[in-house]
Amino acid sequence: MEAVVTDTRPETVIRLENAGKVYAMGNQQVAALDGIDVAFEKGGFWAVMGSSGSGKSTLMNVIGCLDRLTSGRYLFQGTDISAYDDDALSDIRLRHLGFIFQSFNLIPQLTVQRNIELPLYYLGWDKEKSQAHARHLASMVGLDTRLTHRPSELSGGQMQRVAIARALAADPDLILADEPTGNLDTRTSHQIMALLTSLHQGGKTIIMVTHEHDLAEYARNRLYMTDGRIDRIEKR
Amino acid sequence: MKQIKFSRELASGIQTLLLHKLRSFLTMLGVVFGVGSVVAMLAVGEGASKDALEQIRKLGSHNILISSIKPVEEGATGTTPSFMSIYGLTYLDHDRIQESFSSVRKNVPVKLIRKEARLGERALELRVVGTSHQWFEVIPRPVLGGRTLMPGDLADKSPVVVLTEFGARKLLATRHTIGQIIRLGVDSFTVIGIVKNETGSSGAMQIPDREIDAYIPITTARSYFGDVVIKRTAGSRLREKVELNQIIVQVGSLDRVEPAAQAVERMLTLFHQKKDFQIQVPLALLRQAEATKRTFNIVLGAIAGISLLVGGIGIMNIMLASVTERTREIGVRRAIGAKRKQIIIQFLIEAVVLSSAGGILGLAVGMAIPFFITWFAKMPTVITPLGILLPLFVSLGIGIVFGLYPAARAARVDPIIALRHE
Ligand SMILES: Nc1ncnc2c1ncn2[C@@H]1O[C@H](COP(=O)(O)OP(=O)(O)OP(=O)(O)O)[C@@H](O)[C@H]1O
Ligand SMILES: [Mg+2]
């Protein structure tokens, strides 16, 4: 009967078990992650905080399947993917993860439309379908009039909206945002946070790194890091 | 599905290259000039060798040409006024060839005499060719009017003559002249026909007929003009006796041509104390010309290879620069979920588009150059299908070969470092 009770708990998207990441710098070893145990449930909105060099970006890279652990286990939707090869990890990123970066990382020579379509291109969608979907996403982030513009013709806030639309294109299970407002002014930052909040309310799982306490307030859960370890977790 | 994706890769590759039009164009130039020079050189080479081969084929690949040559004089006896030099091929040689070799199908005696021809008011110095009816079988030329020599003309020693088109025009002879009398020297001949003549022979070997030939039966030539020619030089008269100036032998099958030529030479050497004849085999010249052409092609191929290599290195250089410049883009694509293979394809397609576009442009340049060469230098050029397809495939191959390394470099980019890249 107790098994049934555990089943009613929210589904875990990602679980890290005693996760460690050690960088070898010559004969010196830097433990960027040092025994992390954490589970991110479906539908959660997390803010990862901590001082510079505490391992926030390293954690995000590991969760985002861009980097591998040097010890411990990484379970993605219950499956240990520590031993997956490059192609398999690429496939997880493509189908299950969406990235938002501090410096937007749009492809400069592509239009807004084509930038948003990029994940669909790698998913092999046909042209008409992905164009329609990109238009839909652009109007969702309020950029339906900028589809033919190039990133260089947009403001920072607009570029980040395009990046969010792109992150949403493949309908991922998890959105990863490393300091998404780091290059934006306060007003624009709050607009982006409002957008992320609405995504969360729409059911998306979001993990976000931020230095700003008032922006962290948007998230339901907060995870504090110090020297590659989890200091404490605040849940609301 | 795969097809659609590939065409989209191609379209986006072209789009990326169009963003830097000048750079893409300059990168292509190496391949443009490489391919252009290959196409042009092939066309010129092909044209030149085709011309030479054509010339030799006109001589007849089954033919062996034996000509009388004046042997080197011993001592100063040649200056004695009464001296008569006797040399060259004889009627006996002609008969011996006929009797000795079963592979000989046709055996044509040729006697050449310079005479002045007169028709009404017109006079023309021409080359009288005493020969047999077989001449026209060995050196076939279209008959424009009347007929050529026949065995009966030889047997009867008939005073008949066949003119060439060129000679006839000079003498103002027309089709109506056939059947009329023409004077060769002091003798009268009946014009029985006019044949077309080959024009402008300048090559490895003279073709046997000339523009102003007059063909008469060899029997007639011998009885009218004899075998002795008197050449007047300053102060002295030189008498020469040459029975036959040429013998043209035609052999039945191609593989017997060269053995037959050797056998004829051996036999003639037996009967001639001095080396007063020479043997020319068009087939041997043909073989030689073909060998020369092969060598020419190898040299051209090497030059072309080097110029295309330079073009390829240019593409590789720019692609490497492009990979470095677009490290961040590669990182973004990888983070979104692009596999290494897809990054390789992306950059490979850009390299192939560059080289193929260069190849097509080069083809246009390479086809224009021979056109101008033919136009200005009046040199024949030939563009063969191989001359078009080969450079195109090679330029495609260059894109793949020289694009592979930059593409592999792109695929090895670490997305974490790339995304931090400024
Ligand atoms: N590629 C690497 N090689 C060596 N050490 C690294 C590498 N990447 C990160 N580190 C080290 O790991 C530790 C954690 O770095 P990380 O980038 O995760 O910090 P962060 O919390 O994101 O800092 P910030 O707030 O400044 O972005 C740092 O001490 C850093 O020097
Ligand atoms: Mg960081």
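Residues numbered from 1 in each chain as written. Chains lettered and ligands numbered in written order. Predicted model: local features only at pLDDT ≥ 70, side-chain atom pairs only at ≥ 80, totals over all residues. Heavy atoms only, no water.

Some details on the overall build of chain B
To be explicit about the condition: Secondary structure elements follow DSSP: runs of H or I of four or more residues count as helices, runs of E of two or more count as strands, with numbering from the N terminus. Atoms considered for the radius of gyration are the C-alpha atoms alone. The globule rule reads 2.2 Å times the number of residues to the power 0.38. Exposure classes here rest on a 1.4 Å probe applied to the protein chains alone. A residue is buried below 20% of its type maximum, exposed above 50%, and partly exposed in between. Contact between two residues is taken to exist if any of their heavy atoms lie within 4.5 Å; hydrogens are not considered. Where accessible areas are quoted, they stem from the Shrake-Rupley method and a 1.4 Å probe; at the residue level, only the protein chains shown are allowed to cover. Positive charges come from Lys and Arg, negative ones from Asp and Glu, while His and the chain ends are left out of the count. Lysine's charge is taken at NZ, arginine's at CZ, aspartate's at CG and glutamate's at CD.
Across its full length, chain B carries 13 helices and 13 strands. By the compact-globule yardstick of 22 Å for 422 residues, chain B is too spread out, its C-alpha radius of gyration being 34 Å. Among the 422 residues that make up chain B, the fraction classed as buried is 47%. Here the contacts in chain B between residues at least 6 apart in sequence split such that 79% fall between residues at least 24 apart. For chain B, the accessible surface area stands at approximately 21,100 Å², while carbon and sulfur atoms represent 63% of it. Taking the average location of the 51 positive side-chain charges in chain B and that of its 34 negative ones, the two points are 9 Å from each other.

Notes on the interface of chain A and chain B
Note on interface size: it is often stated as the accessible area lost on association of the parts. Put simply, the rule is: Simply put, the buried area is the total loss of 1.4 Å probe accessible area from both parts when two parts are fitted together. Every case where a carboxyl oxygen of Asp or Glu lies within 4 Å of a side-chain nitrogen of Lys or Arg is listed as a salt bridge. Nitrogen and oxygen atoms within 3.5 Å of one another constitute a polar contact, given that in protein one can donate a hydrogen and the other can accept it, and given that sequence-neighbouring residues count only through two side-chain atoms.
The interface of chain A with chain B comprises 28 residues on the first partner and 25 residues on the second. Taken together, the two surfaces of chain A and chain B that pack against each other cover about 2,500 Å², and 53% of this comes from carbon and sulfur. The largest per-residue losses of area from chain A upon contact with chain B belong to Gln 109, Tyr 121 and Tyr 122 of chain A, which jointly make up 29% of the total buried on that side. Linking chain A with chain B are 3 salt bridges. Ionic pairing is found between Asp 86 of chain A and Arg 334 of chain B, a salt bridge with its closest N-O pair at 2.8 Å. Remark: the boundary between chain A and chain B carries 11 residue pairs in polar contact (both at pLDDT 80 or more). Those elements giving two or more residues to the side of chain A that touches chain B turn out to be α3 (86-96), α4 (112-123) and α5 (127-140) of chain A.

Overview of the site of ligand 1
Test applied: In these notes, residues near a molecule or strand are those with any non-hydrogen atom within 4 Å of it.
The environment of ligand 1 is made up of 14 residues, and the closest members are Ser 52, Gly 53, Lys 56, Ser 57 and Thr 58 of chain A. In this structure, ligand 1 is bordered by residues of chains A and B. Note that an oxygen atom of ligand 1 is positioned 2.4 Å from one of the side-chain N or O atoms of Ser 52 of chain A. Backbone polar atom of Gly 55 of chain A to an oxygen atom of ligand 1: 3.1 Å apart, as the coordinates give it.

Some points on the sheet that holds strand β1 (residues 12-25) of chain A
Residue and element names in this part refer to chain A. The test is simple: Each pair of strands is called paired provided DSSP finds at least two bridges between the two strands.
Taken in spatial order, the 4 strands line up as β2-β1-β4-β5 in an open sheet, and their pairing is antiparallel. On the outer flanks of this sheet lie β2 (28-41) and β5 (79-80), each paired with one strand and no other. The sheet contact formed by β1 and β2 spans 11 bridges and is antiparallel. Of the residues in β2, the one forming a bridge with Arg 15 is Ala 39.

Let's talk about the sheet that holds strand β10 (residues 228-233) of chain B
All names here are of chain B. Stated formally: Between N-to-C directions, angles span 0 to 180 degrees; the directions come from axes that are lines fitted to C-alpha atoms, helices contributing only their stretch in contact.
Here 3 strands make up an open sheet; going across it, the order is β2-β11-β10 and the pairing mixed. The open sheet terminates on both sides in strands that have one partner only, identified here as β2 (84-86) and β10. The mean angle between the axes of side-by-side strands here comes to 25°, regardless of whether they run parallel or antiparallel. Across 6 bridges, the pairing between β10 and strand β11 (residues 236-241) is antiparallel. By the bridge assignment for β11, Arg 232 is matched with Arg 237.

A closer look at the packing of aromatic side chains
Under the convention used in this document: Centres within 6.5 Å are what make two rings of Phe, Tyr or Trp a pair, Trp counting through its six-membered ring; a difference in plane orientation under 30 degrees is then read as stacked, over 60 as edge-to-face, and the rest as tilted.
In total, this model carries 11 aromatic pairs over all chains according to the counting rule given. Each ring, one from Tyr 121 of chain A and one from Tyr 122 of chain A, has its centre 5.2 Å from the other, and the planes form 75°; the classification is edge-to-face. Residue classification places Tyr 121 of chain A among the buried positions, given a relative accessible area of 11%. Pairing Phe 189 of chain B with Phe 225 of chain B gives two aromatic rings, centres 6.3 Å apart and planes at 20°, and the pair type is stacked. Residue Phe 189 of chain B is found in strand β8 (residues 187-195), and its partner Phe 225 of chain B is found in helix α7 (residues 218-225); the two are separated by 36 residues along the sequence. Owing to a relative accessible area of 0%, Phe 189 of chain B belongs among the buried residues under this scheme.

Observations concerning the pairing of strand β9 (residues 221-226) of chain A
Residue and element names in this part refer to chain A. Extensive coverage of β9 is indicated by the burial of 5 of its 6 residues. Note: strand β3 (residues 45-50) against β9, 5 bridges, orientation parallel. The residue of β9 that forms the bridge with Trp 46 is Asn 221. The sheet contact formed by β9 and strand β10 (residues 229-235) spans 6 bridges and is antiparallel. The residue bridging Leu 223 from the neighbouring strand is Ile 233, located in β10. Taking the residues that link successive antiparallel strands as the turn, the β9-β10 hairpin has 2 residues, and the phi of Asp 227 there is positive, at about 45°.

Details of the domain arrangement of chain B
We count it as follows: Domain start and stop positions are those given by an automatic or database domain assignment.
Segmentation of chain B into domains returns domain 1 (2-55 + 288-420) and domain 2 (70-275). Computed over C-alpha atoms, the centres of domain 1 of chain B and domain 2 of chain B are 58 Å apart.

With respect to unusual backbone geometry
Non-glycine residue Cys 65 of chain A carries a positive phi angle of around 60°. Position of Cys 65 of chain A among the secondary structure elements: in the loop between α2 (56-63) and β4 (71-76). With phi around 50°, Lys 157 of chain B is a residue other than glycine that occupies positive phi space. With respect to the secondary-structure elements, Lys 157 of chain B resides in the loop between α5 (151-156) and β6 (160-164).

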